[in-house]
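The lines below spell out each chain.
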Amino acid sequence: MTTPTFAAQPYSGIASFGRCPIINDPQGYDVAIAGIPYDGSVSYRSGTRFGPRAIREQSLLLWGYNNVQQVAPFKTLKIADVGDIDVIPPDIVATHHEIERAASRFLAAGPKLISLGGDHSISLPLLRAHAKKYGPVAVVHFDAHPDTWDSEYPGQKYSHGTPFRRALDESLIDPAAYVQIGIRGPTNGPEDYLDAIKLGTRMITLEEFRRSGVETVLAEVQSRIGARPTYVTLDIDAVDPAFAPGTGTPEVGGITSYEILQLVRGLHGLNLVGFDLVEVSPPFDSANITSILAANLVFEFLSLIAKASK
Ligand code: MN
Ligand code: MN
């Protein structure tokens, strides 16, 4: 008599992302998934240091087959959970240095990198690592905020309000192929948006998104970016706090959870080289709905990579 084997239940066992193997050196893997539990640079509520763990836990609810994209990414791709990158809470420069070093090591080993934040400052060292490999990248940036301030605190160049200003300063992004989607909410004045537009971003505010709709916005993203290597950065506060309350700087009147799924799926066909999902703050979440959405958005991105690899 053979001993029957049972699949682990979603609530049992140790939670790597999607129960992928925990691997330090992702040589030979298609995708590496890293946590970056850093929240030292936020302007309001902290807590995104707990994001990677919460997203991994909710990822165990992903049964595996994507019925819309018609692909099973955990079967099609070799995916490694490379654990969490070391962070140094009181030192943003040292933390960014460590993120860039670790991300460069993962990328040099071959796989594409998906990063789970953490606050949005982590996108700067991630873009440095990707630009080192691919040159200046196209960027699709989902967010309620442009994150292109020159400085959020006097004399401080780095915070979660400045990563894309710094990335443009450092020529990590091709400004002709940089699209922001979901921007909204009150600011100090009109210059916040005007500065971002002056830097070359194509800012699609929430109002424009509502007027144009998902298909029109996606058509513009596709035509602006074309075949360029493309990095996708998704600040969960792009989504309405009714659908994603677990975040540090919520802005009312945002994208719905269904629309953000459609928007990510609609990136199909782009030359996608990297993805980060940031600003999930579990202490402010309710019934895990934000981390469940985050896990599903990573699943959609994995499905895009899986479809492109077939
Ligand atoms: Mn934001
Ligand atoms: Mn942001």
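Here, every reference points to the structure presented above.
About the cut-offs
- Per chain, the residues get numbers from 1 upward, laid out in the order the sequence is written.
- Lettering for chains starts from A, numbering for ligands starts from 1, and both go in the order in which the items are written.
- A pLDDT threshold of at least 70 governs which residues receive local features in this predicted model, and a stricter bar of 80 or more applies before side-chain atom pairs are shown or counted, although totals over entire chains, interfaces and linings include all residues.
- Hydrogens are left out, water is left out, and the side-chain values use all remaining heavy atoms of the structure.
- Metal-coordinating donors are taken as N, O and S atoms lying within 2.8 Å of the metal, or within 3.2 Å when the metal is Na, K or Ca; because water is left out, some sites can appear incomplete.
- Secondary structure elements are defined from DSSP: runs of H or I of at least 4 residues count as helices, runs of E of at least 2 residues count as strands, and each element is numbered from the N terminus.
- We call a residue buried when its accessible area falls under 20% of the maximum for its residue type, exposed when it is over 50%, and partly exposed in between, using a 1.4 Å probe and counting protein chains only.
- Any two of the Phe, Tyr and Trp rings considered here, Trp counted by its six-membered ring, make a pair once their centres fall within 6.5 Å; the pair's planes then place it as stacked at under 30 degrees, edge-to-face at over 60, or tilted in between.
- Note on pairing: two strands pair once DSSP finds at least 2 bridges between them.
- Every definition here rests on a 1 Å grid over the protein atoms only: cavities are sets of points where a 1.4 Å probe fits but cannot get out, pockets are open sets enclosed by protein on both sides within 12 Å along at least five of seven lines, and lining residues have some atom within 4 Å of a point.
- Grid points are joined across faces, edges and corners, and a volume is the space filled by probe spheres set on the points.
- Classification used: nonpolar for Ala, Val, Leu, Ile, Met, Phe, Trp, Tyr, Cys and Pro, charged for Asp, Glu, Lys and Arg, polar for all others including Gly.
- For this quantity, the arc is that covered by the directions from the helix axis to the C-beta atoms.
- By definition in these notes, contact holds between two residues if any of their heavy atoms fall within 4.5 Å.

S.K.: For the coordination of the manganese ion (ligand 1), give the residues involved together with the corresponding values.
M.R.: Taken together, Asp-143 (OD), His-145 (ND1), Asp-235 (OD), Asp-237 (OD) and Asp-237 (OD) make up the full set of protein donors to the manganese ion (ligand 1), lying 2.1 to 2.5 Å away. Ordering the donors of the manganese ion (ligand 1) by residue number gives the pattern D-x1-H-x89-D-x1-D. Here the manganese ion (ligand 1) and the manganese ion (ligand 2) are spaced 3.2 Å apart, and both take Asp-143 as a donor. Taken as a pair, His-145 in the loop between strand E4 (137-142) and helix H5 (163-169) and Asp-237 in the loop between strand E7 (229-235) and helix H9 (257-265) lie far apart in primary sequence, 92 residues in all. When its relative accessible area of 1% is taken as the criterion, Asp-237 is described as buried.

S.K.: How would you sum up the coordination of the manganese ion (ligand 2)? Please name residues and give values.
M.R.: Around the manganese ion (ligand 2), the protein contributes the donor atoms His-120 (ND1), Asp-143 (OD), Asp-147 (OD) and Asp-235 (OD), which lie 2.1 to 2.2 Å from the metal centre. Sequence positions of the donors to the manganese ion (ligand 2) reduce to the motif H-x22-D-x3-D-x87-D.

S.K.: Can you explain the packing of aromatic side chains? Please cite residues and give values.
M.R.: Inspection of the entire model under this criterion finds 4 aromatic pairs. For the ring pair Phe-17 and Phe-74, a centre distance of 6.4 Å and an interplane angle of 40 degrees mean the geometry is tilted. In this pair, Phe-17 sits in the segment before strand E1 (31-36) while Phe-74 sits in helix H2 (residues 73-76), placing the two residues 57 residues apart along the sequence. For Phe-17, a relative accessible area of 0% translates into the label buried.

S.K.: An account of the pairing of E1 is requested, with residue identities and associated values reported.
M.R.: For E1, a buried count of 6 out of 6 residues is recorded, marking the element as mostly surrounded by other parts of the structure. Where burial is concerned, the two faces of E1 agree: the one with Val-31, Ile-33 and Gly-35 and the one with Ala-32, Ala-34 and Ile-36 are both buried. Sheet topology note: the E1/strand E2 (residues 79-84) ladder contains 4 bridges and is parallel. Looking at the pairing, Ala-32 lines up with Ala-80 of E2. Sheet topology note: the E1/strand E3 (residues 112-117) ladder contains 6 bridges and is parallel. In the strand pairing of E3, Gly-35 is matched with Leu-116.

S.K.: Hey, could you go over unusual backbone geometry for me, with residue numbers and the actual values?
M.R.: A cis geometry characterises the amide bond from Gly-117 onward to Gly-118, with omega recorded as 10 degrees. Locating Gly-118 in the fold gives a position in the loop between E3 and helix H4 (123-134). Residue Arg-19 is not a glycine yet carries a positive backbone phi of 60 degrees. Inspection of the secondary structure puts Arg-19 in the segment before E1. Positive phi is not limited to glycine here, since Asp-147 has a value of about 55 degrees.

S.K.: Give me the lowdown on the layout of surface pockets, citing residues and values where you can.
M.R.: Within this model, the largest pocket holds a volume of roughly 420 Å³. Residue classes in the lining of the largest pocket are distributed as 13 nonpolar, 4 polar and 2 charged. Taken as a whole, the second largest pocket spans an internal volume of roughly 300 Å³. His-145, Pro-146, Asp-147, Trp-149 and Glu-251 are the residues nearest the centre of the second largest pocket, which is lined by 20 residues in total. Here the lining of the second largest pocket is composed, by residue class, of 3 nonpolar, 9 polar and 8 charged.

S.K.: Got a sec to walk through helix H6 (residues 191-198)? Specific residues and values, please.
M.R.: Among the residues making up H6, those that are buried are Asp-192, Tyr-193 and Ala-196. The buried side chains of H6 occupy one side of the element, clustering within an arc of 95 degrees when seen end-on. Close packing links the buried residues of H6 with strand E5 (173-183) and strand E6 (202-205). Remark: Gly-200 follows H6 within two positions and exhibits a positive phi of approximately 110 degrees.

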